[in-house]
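So you can see what is in the structure, the chains are spelled out below.
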Amino acid sequence: MTETTKSSASCECGALAMDIKGAPVIQLVCHCKDCRSFSGTPYVDLAFFYPAGCSAHGQSNSTTMKGSSGSDKTYYSCASCQTALYATVAVLNGAFAIRANLLAPFKFEPRLHIWTSEKADGVTIPAGITQSPSVPPKEILDTMLSSFWDKK
């Protein structure tokens, strides 16, 4: 019998929450201007999950914009406290990108930092971690795309 990983995430006031089944496909740190603007932080720790394993509960506000791929990404925040909680990414077949610091139980283990060309001043990236000035490197991007699009 396979054990299913379960976690949850919620905004600061608890009015918007997520239930997540399954382990993240990838964990990364995003430095893009869109994520920074949406979250109000200098970078965002993200864990990407299959959409079928994620369910959101509560009232949210959403903002949709075009990602670097030309596909939509939609950011969701709590309608009450405005905490940025997650995004859905069309180019990744609707994957949920959830702010890792709001997940519990969860140990954040990022594989890479992306959009470092847009990194906020004063942010230091740990030595030895893969960095990309824009989208993930081809080999990682190919793995992400096949993981989300080939998932049955």
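Preceding this section is the structure that the text describes.
Residues numbered from 1 in each chain as written. Predicted model: local features only at pLDDT ≥ 70, side-chain atom pairs only at ≥ 80, totals over all residues. Heavy atoms only, no water.

**Q** An account of the environment of isoleucine 98 is requested, with residue identities and associated values reported.
**A** Relative to the helices and strands, isoleucine 98 is located in strand β9 (residues 95–99). As a C-alpha pair, isoleucine 98 and serine 7 span 91 residues in sequence and 11 Å in three-dimensional space. When sequence neighbours within four positions are dropped, the list of residues in contact with isoleucine 98 reads Ala9, Met18, Ile20, Asp45, Leu46, Ala47, Phe49, Cys54, Leu85, Tyr86 and Leu103. (Helix = DSSP H or I, 4+ residues; strand = E, 2+ residues; numbered from the N terminus. Contact = heavy atoms within 4.5 Å.)

**Q** Can you break down the pairing of strand β6 (residues 60–66) residue by residue, with the values?
**A** Of the strand pairs in this sheet, β6 and strand β7 (residues 72–78) are connected by 7 bridges, and their pairing is antiparallel. Paired with serine 62 across the two strands is tyrosine 76, which belongs to β7. Joining the antiparallel neighbours β6 and β7 is a turn of 5 residues, in which glycine 70 adopts a positive phi near 95°. (Pairing = 2+ DSSP bridges.)

**Q** Residues and numbers for the layout of surface pockets, please.
**A** Gaps left between atoms show up when a probe the size of a water molecule is rolled over them. Approximately 540 Å³ is the volume attributed to the largest pocket. Along the walls of the largest pocket sit 35 residues, with Phe48, Lys73, Val89, Ile114 and Trp115 positioned nearest its centre. Counting only elements with at least two residues in the lining of the largest pocket, the list comes to β3 (26–30), α1 (33–39), β4 (44–49), β7, β8 (84–89), β9 and α2 (138–149). Here the element with the most residues in the lining of the largest pocket is α1; it accounts for 5 residues. Counted by class, the lining of the largest pocket contains 23 nonpolar, 5 polar and 7 charged residues. (1 Å grid on protein atoms, 1.4 Å probe; cavity = no way out; pocket = protein on both sides within 12 Å on 5 of 7 lines; lining within 4 Å. Points joined across faces, edges and corners; volume = space filled by probe spheres on them. Nonpolar A, V, L, I, M, F, W, Y, C, P; charged D, E, K, R; others polar.)

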